[in-house]
Amino acid sequence: MLRFIVRRLLWAIPTLFIVTFVVYCALRLATNPLASYARANPRIAKQPEKMAQYIEENGLWPGITGYIRGYFLWLRGFLTGNWQVSIKGSRPVWPNLKDALINTLRLGIMASIVGISIGLALGIFAALKPGRLRDTAVNTGALIGFSIQPFISAVLLQLFFAVQWAKWFGEPLLPTSGMYPPGHTGFDPVLMLKYMILPVIVVSIQTVAAYSRYMRASLLDVLNSDYLRTARSKGISERRVLVKHALRNAMVPIVTLAALDVGAIVGGLIISEAIFEYPGMGMFFLTAESNGDFPELMPWMVIVTSSVILFNLLADLAYAWLDPRIRLD
Amino acid sequence: MRTSKGSKIAALAVGLSLIVAACGDDKDASSTTAGSETTAGSETTAGSETTAGSETTAGEGGEAAMRITYDIAEEAVWDDGSPITADDFICTYEAVMNTVGSLSTVGYDQILTVAAGESEKQVVVEFKTVYAPYRGLFSGLVKKAAVADCNDISGDFQTEFTFSNRPYKLESWDETQAIFVPNENYWGEDKAVTSKVVIVPKADQETEIASLLASEVDFIYPQYSPETADAVAGDANVKVSIQFGGDYEGLYFQQQEGPFADPIFRQAFAQSIDVDSIMEQIYSPIVEGAEQLTCGPIVPGRFCDETTVQDTYDPEGAAALLEENGWAKDGSGFWAKDGEAPEIRWMINTGNTRREGAQAFLIPLMQAAGFNVVADNCEAECVFQQRLPSLDYDLGMYISTAPPDPQYLTSSFACDQIPTEENNFAGQNSQGWCNQEATDLLYKADATVDLDERAGYIKDAIKLMREDWVMLPTFQFPKSGLYRTDKVGGPVEDELNNYAAFNNFHQWTDVDGDGQIVIGAEQWPGCLNPITECANSSWYVWTISFPLQMGVYDTTNDGDYKLTPMMASEPVVETL
């Protein structure tokens, strides 16, 4: 197992290297950081010597060799903590990116826990009585959940719990935007949880729908397998068959999916964060992208890419842990 | 919304003490008290001994035509208790004049020297010429001790604004909120009433209205539309207040380069715009019976000639003009010359439904008239802080907020206010229009104290503007404030028409007792620098600059100036 982990980690280095180079080139082409800088600083942009200085300091040389040199300059700065400052506002990137990452992890992990737990429970609940009313109800609910896009559910929930509720009772039941009430500073888990309720619900709706379907299908497969029939014929109780044998094996593909999904969460829950004005990775990306802010987008991409690679590894490890037949060599 | 920032910055710089070394005989000086309307040379005063005791001086020096002596109130201090002195005036002047990317140097560039007078609480400023709009100068001071180098503060104020001489100071600012708390050292009588004021960004008008209805914000200041009033009509605790003031909307033609650099094409295009139909389609739904603003880039009043921009719509004349000058319609039905039909990029800020509606209405009409107009929009910050200053558009549509003094016309339309290398790319002439005769008239107006004479120059300059088709004014736009009466009280409606907007929020009361007042902001500044591009937005100056930086004069709700508590007395103005 250790060899596997080490090998995968070693492989991750060239993978990251190649991915970041490709992303570097793509982002430079897409955002044209020099033009973005010129737009953000229109007066400075008309001073050739200042623009030349900006090019030198940030490695924005043209041509293939310029891109390669620029990439290595960026990489060295990134690894040594000497990050480029943002184009908009000329601010250090890490403080805002760090906050966005933490905020998204809070929201994403909570939504994942809620969504996956409920989804799995509903999937098991449906799979145990396939074709019955409960199965139909869960399947129909999942279909509806899939169909309601976050931008619809978010607005509906905001209208109901805030606007209409305030009209009826004088105060909104749940806040509709931000992480804390205006004027609040510092960390307050209770307030934070209150502000996360609606975003978590919105993000969870589709997660519940998806995982209930995955779990139902996976569990049905396992429950109808030969080895469980054998187990039952040996007189093992249905409860033990379910808990000890069926669930564990049914979880194998689920865990893989969950790991990949959680990895992708780091990339931001863009729609939900935008609607709820939640300052996470999605909002960070949207803002940086709209500003063509290359120095902000590159570290964002690196973190998202690293997250996907890391969670892929975790998925493999979990896979092996759940299914001893799988050898990680 | 765009702020005419020239006067604000101009106001900043004048407060510097001026060295009077090269001035002439003070006994011959004539003076007038700031705020009076007397003609230069009317009233003789004793000469002042301006340079006594001064150790710091800024400016190029030379023969002065006007001198202003400012006496700072003895009790006037910054929020840390340190005194406000002539050094802060000097620093402000230096920052405006020398900072890379300074938004505008208008007014300050007329200053010869700024120096301390008889004490550190006296500032003497000398001008090359008589500068009538002097009350717009030094409207917000930069604290010398807060910056490393007054001659270039472009790297300061990225995420914090560390000083205040207003009733509130900024406790914190980030992408999600700005928190103001009382300035304990504020010496004035109008101290902060509520223990905290929070300003939060809202993505668009729909969001801010929803936040108001959900009691998440207490006050918003949106561009008015009937939909705004309709949206809150069902909530008895929300009050809507509308006032007409210095806001006006217009269509602007960038003519330094691109299709409108051709004056024939520009004129034909402008004459093809049916302003009456725009009024009917876009503005009448806002205010019944809305009429076109015909003054030019100024609102009705002393400086407006309401016959200047009338009857501009003349499609036949436009077509004839183009044909006479070698234009012909191509196969697509667009006017073309030498085989090329120019594309006209119409820029507005995305999310502004009224302007988007104007595009949806007008673009097909203009295309049918043979003009290849395309929408080329971006976010408000992109429009006002990036594309307008770099003249990166062909046709623009936005609201300007005119300060009380028409000096802003100089900073917005004079030739030397086109951002160029010569002026260090400072200047707000975002149309790129240059008419030397008009420029001379505007500067002459700025050097004329007699208001009638000054109005004459300004009207003449605007007539030249009309002849050159620089812009088409459309509508004097109402200002609106919406607030929850169950959350906030006091004089909420008293200053809505002020150039400084809701700048009296320090006097508002916290009705529901939650300890704070929350204001929703439609736009959010990218940084807090009061001198550079950051300040090229109304929302920046409303939410940061005005609440924190006191200067010599404040603007009033009825479009005038009043002395701030920072000053001991009216400045003494002398023409030399």
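Residues numbered from 1 in each chain as written. Chains lettered and ligands numbered in written order. Predicted model: local features only at pLDDT ≥ 70, side-chain atom pairs only at ≥ 80, totals over all residues. Heavy atoms only, no water.

Re the nonpolar core
Residue and element names in this part refer to chain B.
- F138, F502 and M566 are the most contacted members of the largest nonpolar core, which totals 82 residues.
- Two domains share this core, each providing at least three of its residues, namely domain 1 (33-169 + 551-576) and domain 2 (170-242 + 484-550).
- Residues I282, W327, W335 and L472 belong to the second largest nonpolar core, which totals 38 residues. (Core = buried A, V, L, I, M, F, W, Y, C linked by side-chain atoms within 4.5 Å. Buried < 20%, exposed > 50% of the residue type's maximum accessible area, 1.4 Å probe, protein only. Domains from an automatic or database assignment.)

Section: the domain arrangement of chain A
All names here are of chain A.
- Each assigned domain of chain A is listed with its residue range as follows: domain 1 (2-79) and domain 2 (97-322).
- Just the C-alpha atoms count here: the centres of domain 1 and domain 2 sit 33 Å apart.
- Across the contact, 18 residues belong to domain 1 and 15 residues belong to domain 2.
- At the boundary of domain 1 with domain 2, total buried surface from both sides reaches about 1,500 Å², with 85% on carbon and sulfur atoms.
- Counting every contact that joins domain 1 to domain 2 gives zero salt bridges.
- Between domain 1 and domain 2 we count one residue pair in polar contact (both at pLDDT 80 or more) in total.
- Of all the elements in the fold, those that place two or more residues in the side of domain 1 that touches domain 2 are α1 (2-31), α2 (33-40) and α4 (63-79).
- At 14 residues, the largest contribution of residues to the side of domain 1 that touches domain 2 is made by α1. (Contact = heavy atoms within 4.5 Å. Buried area = accessible area lost by both parts, 1.4 Å probe. Salt bridge = Lys/Arg side-chain N within 4 Å of Asp/Glu carboxyl O. Polar contact = N/O pair within 3.5 Å; in protein donor to acceptor, adjacent residues only side chain to side chain. Helix = DSSP H or I, 4+ residues; strand = E, 2+ residues; numbered from the N terminus.)

Some remarks on the domain arrangement of chain B
Residues and elements named next belong to chain B.
- Entries for chain B in the domain assignment read domain 1 (33-169 + 551-576), domain 2 (170-242 + 484-550) and domain 3 (245-477).
- Counting residues at the interface gives 41 residues for domain 1, matched by 43 residues for domain 2.
- Between domain 1 and domain 2 the total buried area reaches about 3,300 Å² when both faces are included, carbon and sulfur atoms providing 58% of it.
- In terms of surface lost to domain 2, no three residues of domain 1 exceed F161, Y168 and K169, which account for 27% of the buried area on that side.
- At the boundary of domain 1 and domain 2, one finds zero salt bridges.
- Counting across the domain 1 and domain 2 interface gives 23 residue pairs in polar contact (both at pLDDT 80 or more).
- Broken down by secondary-structure element, the contributors of at least two residues to the side of domain 1 that touches domain 2 are α2 (86-98) and β7 (168-173).
- Here the side of domain 1 that touches domain 2 is composed, by residue class, of 18 nonpolar, 16 polar and seven charged. (Nonpolar A, V, L, I, M, F, W, Y, C, P; charged D, E, K, R; others polar.)

Some points on the packing of aromatic side chains
- All told, the structure shown has 59 aromatic pairs over all chains when counted by the stated rule.
- Taken together, a centroid distance of 6.1 Å and an interplanar angle of 65° make the contact between Y553 of chain B and Y561 of chain B edge-to-face.
- We classify Y561 of chain B as buried; its relative accessible area is 13%.
- An aromatic cluster is defined as three or more aromatic residues linked by ring pairs; in this entry it consists of F17, F21, Y24, Y67, Y71, F72, W74, F78, W83, W94 and F294 of chain A.
- When the ring centre of Y67 of chain A is taken as origin, the NZ or CZ atom of R28 of chain A, which lies over that ring, is 4.0 Å away.
- Looking at R69 of chain A, its charged tip hangs above the ring of W61 of chain A, at a distance of 3.8 Å from the centre. (Phe/Tyr/Trp six-rings, centres within 6.5 Å; stacked < 30°, edge-to-face > 60°. Lys NZ or Arg CZ within 6 Å of the ring centre and 35° of its normal.)

Considering the interface of chain B and chain A
- With 43 residues of chain B at the interface, the matching set in chain A holds 28 residues.
- Between chain B and chain A, a total of about 2,800 Å² is buried, with carbon and sulfur atoms accounting for 50% of that surface.
- Here chain B and chain A share two salt bridges between them.
- Here chain B is connected to chain A by nine residue pairs in polar contact (both at pLDDT 80 or more).
- Counting only elements with at least two residues in the side of chain B that touches chain A, the list comes to β7, β9 (197-201), α3 (205-213) and α9 (380-387) of chain B.
- When residues of the side of chain B that touches chain A are assigned to their parent elements, the largest contribution, five residues, is made by α9 of chain B.

Let's talk about α2 of chain A
- Looking at α2 of chain A, one finds that the buried residues are P33, S36, Y37 and A40 of chain A. Across the axial projection of α2 of chain A, the buried residues extend over an arc of 100°, all falling on one side.
- Buried residues along α2 of chain A sit in contact with α1, α3 (48-58), α12 (281-291) and α13 (294-322) of chain A together with α9 of chain B. (Arc of directions from axis to C-beta.)

A word on the environment of T312 of chain B
- With respect to the element layout, T312 of chain B can be found in the loop between α6 (275-283) and α7 (315-324).
- Spatially, the C-alpha atoms of T312 of chain B and Q267 of chain B are 9.7 Å apart, while their sequence positions differ by 45 residues.

Topic: the side chain of T294 of chain B
- Within the secondary structure, T294 of chain B is located in the loop between α6 and α7.
- With near-sequence residues (within four places) excluded, T294 of chain B lies in contact with D305, E306, T307, T308, V309 and Q310 of chain B.

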